[in-house]
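# Chain and residue survey
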Amino acid sequence: MPTIGQQRCPICGFRIAPVDFTICPSCGTEFGIDTLDHTSQELRDIWISNGPRWESTVDDPPDNWNPWQQLVAAGLSYAIPFYVGVQLKGPEGVRQIPNSGLVFA
Ligand SMILES: [Zn+2]
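In this report, the structure presented in the accompanying data block is examined. (Residues numbered from 1 in each chain as written. Predicted model: local features only at pLDDT ≥ 70, side-chain atom pairs only at ≥ 80, totals over all residues.)

That bond from Gly51 to Pro52 is cis: its omega, -10°, falls within 30 degrees of zero. Within the secondary structure, Pro52 sits in the loop between helix H2 (40-49) and helix H3 (67-73). A positive phi angle, near 70°, is found at Phe21, a position not held by glycine. Here the phi dihedral of Asn64 falls at roughly 60°; this positive angle occurs in a residue that is not glycine. Inspection of the secondary structure puts Asn64 in the loop between H2 and H3. (Helix = DSSP H or I, 4+ residues; strand = E, 2+ residues; numbered from the N terminus.)

This is how it looks when you write it as structure tokens:
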């Protein structure tokens, strides 16, 4: 069974257990309420179109919080509305992770 620390918000990828009636501080989604009328993709599109910004006015974001890195870390890089490319030089040649937009060399 995953711990809370391993679970992520399905909307924005923030590390939180998406339990009904809790609110994600990152994207502001209230699970079990906002998720009744909207798909995860719809809520994510709304969040991204509004910044994306840290939504909580109670909890501060983690140090160096970056919504784009959060989306990538959660496997949601396809939702990022611009191309992200990273290329690193290495002895084994160019390597690309499928569907990530990331290229490693
Ligand atoms: Zn969220």
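One finds Cys9, Ile11, Cys12, Phe14, Cys24, Cys27 and Trp47 to be the most contacted residues of the largest nonpolar core, which totals 14 residues. At the level of elements, H2 and H3 are the ones that each hand at least two residues to this core. Looking at this core element by element, the count peaks at three residues for H2. Setting aside anything within four residues of it in sequence, one finds Cys12 in contact with Cys24, Ser26, Cys27, Arg44, Trp47, Pro52, Pro67, Gln70 and Leu71. (Core = buried A, V, L, I, M, F, W, Y, C linked by C-beta atoms within 7 Å. Buried ≥ 20, exposed ≤ 12 C-beta atoms within 10 Å, placed from the backbone. Contact = placed C-beta atoms within 7 Å.)

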